[in-house]
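Observations on the model geometry
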Amino acid sequence: MAGPADKDDRRRPATKLVQGGRRPEWTGDPRLGGGIVNPPVWRASTILYDSIADLKARGHATHDKLYYGRRGTPTVWALADALTELEPGAEGTLLYPSGVAAISAGLLALLAPGDHLLMVDSAYEPTRSFCDGMLARFGVRTSYYDPCVGARIADLIEPETRLIFLESPGSLTFEVQDVPAITRIARERGVVTMLDNTWATPLLFPAIAHGIDVTMMSLTKYVGGHSDAMMGSLTATRSLWPRLRQATYQLGHSVSPDDCALMLRGLRTLDVRLERHGANALAVARWLAARPEVGRILYPALADDPGHALWTRDFSGASGLFGFTLKGADDAARARFIDALTLFGIGFSWGGFESLVVPSDPRTIRTATDWTDPDALLRLSIGLEDPADLIADLERGFAALGGAS
Ligand SMILES: Cc1ncc(COP(=O)(O)O)c(C=O)c1O
């Protein structure tokens, strides 16, 4: 969907966010005498050709020539192009109807029967479910590894290992992985790496520059940013790009140009939103850290988090999603805490402008490592509200903890 990024592009990410995908041929018609700031919504299924010669020539069309609706229109290419520009070293980006669709398409494209997959134990649960379900049925074996494995990943690579999947930080338990150590070993051993980079986005962690081959995002979260559209992306290096593109066409994935326009709108403000999400989350996390009812806070931006050193080394900031435990609290106490909140919506997903809270229970998900913390865990997606109001709301939660169940 996107051409290779200009290798000498020195523009900084915030500038790329503003300019990305706004090619003149997509934003304006010279016959109308001007350009529109954003690529308009080009909706299409059928594309009409001038002649049979034209149709035949277009049969070999590249991804940025109109061919058939499923292969995209300028609105779709503009989003893909803008995302590719954010990952120095990337060849192109493919778009999917959801983040899970991007993960499953990437794994199907890169694995074959008899292959072995190393999957991080802290992965998003539906990622595990795809590996244990469909991939297993297709003869791909998955083993789960400790997110803190670092260079010891070398000991887990088998002759059949073809892919190492990472998610850093894990979106429930927030361990930071040593991505450069893992990608260095993977390259030495000829193993592909794929990262779920939804938490950081390329603004806080340019994955391909850190050695990752395929980076995935649920655009549903921070890129969309407004909790009203779903989409996923895979951005890949040159060597893997043809395989991913072919598999994506074969699987028939297609995204709506209307949703792409929403994603492009979100993308323009990603930098300022992420900065505010991170600042608000840090303010809330620091306040929580001083509360006697709180056991631990799972947020690598805090200095005493076990992942803080790696996060400081590799990331340029933190987004607004983190977890914390309530000391000695059981399910009922956690429910009282959550139900007392008025500004935090109770709901899945994250990365939108509004704050959310969900209970989470990693103990029931892990297999390679045990989650031994007995305290009830909650996950907060900190939005763009004033953090003082969010803190006042959380006070209500703590007050409810004391109440009878
Ligand atoms: C880390 C992570 N990856 C992927 C996904 C899947 O994205 P989507 O909901 O767009 O399918 C999610 C959704 O919550 C997620 O948290």
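Cut-offs used in this document
Residues numbered from 1 in each chain as written. Predicted model: local features only at pLDDT ≥ 70, side-chain atom pairs only at ≥ 80, totals over all residues. Heavy atoms only, no water. Helix = DSSP H or I, 4+ residues; strand = E, 2+ residues; numbered from the N terminus. Rg over C-alpha atoms; globule rule 2.2 N^0.38 Å. Buried < 20%, exposed > 50% of the residue type's maximum accessible area, 1.4 Å probe, protein only. Salt bridge = Lys/Arg side-chain N within 4 Å of Asp/Glu carboxyl O. Phe/Tyr/Trp six-rings, centres within 6.5 Å; stacked < 30°, edge-to-face > 60°.

1. Re the overall build of the chain
- Of regular secondary structure, the chain possesses 14 helices and 14 strands.
- Scaling as 2.2 N^0.38, a compact globule of 405 residues should have a C-alpha radius of gyration of about 22 Å, and the chain matches this with 22 Å.
- Taken over the C-alpha atoms alone, the chain extends approximately 75 × 55 × 35 Å along its principal axes.
- Burial analysis of the chain (405 residues in total) assigns 56% to the buried set.

2. Digging into the pattern of salt bridges
- Enumeration according to the criterion identifies 21 salt bridges in this entry.
- The partner of aspartate 258 in a salt bridge is arginine 43, and the shortest N-O contact between them spans 2.0 Å. Of this pair, aspartate 258 sits in helix H10 (residues 257–268) while arginine 43 sits in the loop between strand E2 (34–35) and helix H3 (52–58); the two residues are 215 residues apart in sequence, bridging distant segments of the chain.
- A residue is classified by how much of its surface remains accessible, and arginine 43, at 61% relative accessible area, is exposed.
- Put simply, aspartate 393 and arginine 396 hold a salt bridge, and the shortest N to O gap is 2.9 Å. Of the two residues, aspartate 393 and arginine 396 are both situated in helix H14 (residues 387–401); the distance of three residues between them amounts to about one turn of the helix.

3. Things to note about the packing of aromatic side chains
- Applying the stated criterion across every chain yields a total of eight aromatic pairs.
- Between the aromatic rings of tryptophan 26 and tryptophan 77, the centroid separation amounts to 6.1 Å while the plane-to-plane angle is 50°, which identifies the pairing as tilted. With tryptophan 26 in helix H2 (residues 24–27) and tryptophan 77 in helix H4 (residues 74–85), the pair connects residues that are 51 residues apart, well separated along the chain.
- A relative accessible area of 4% means that tryptophan 26 is categorised as buried.

Don't take any of this as a statement about function, it's just geometry.
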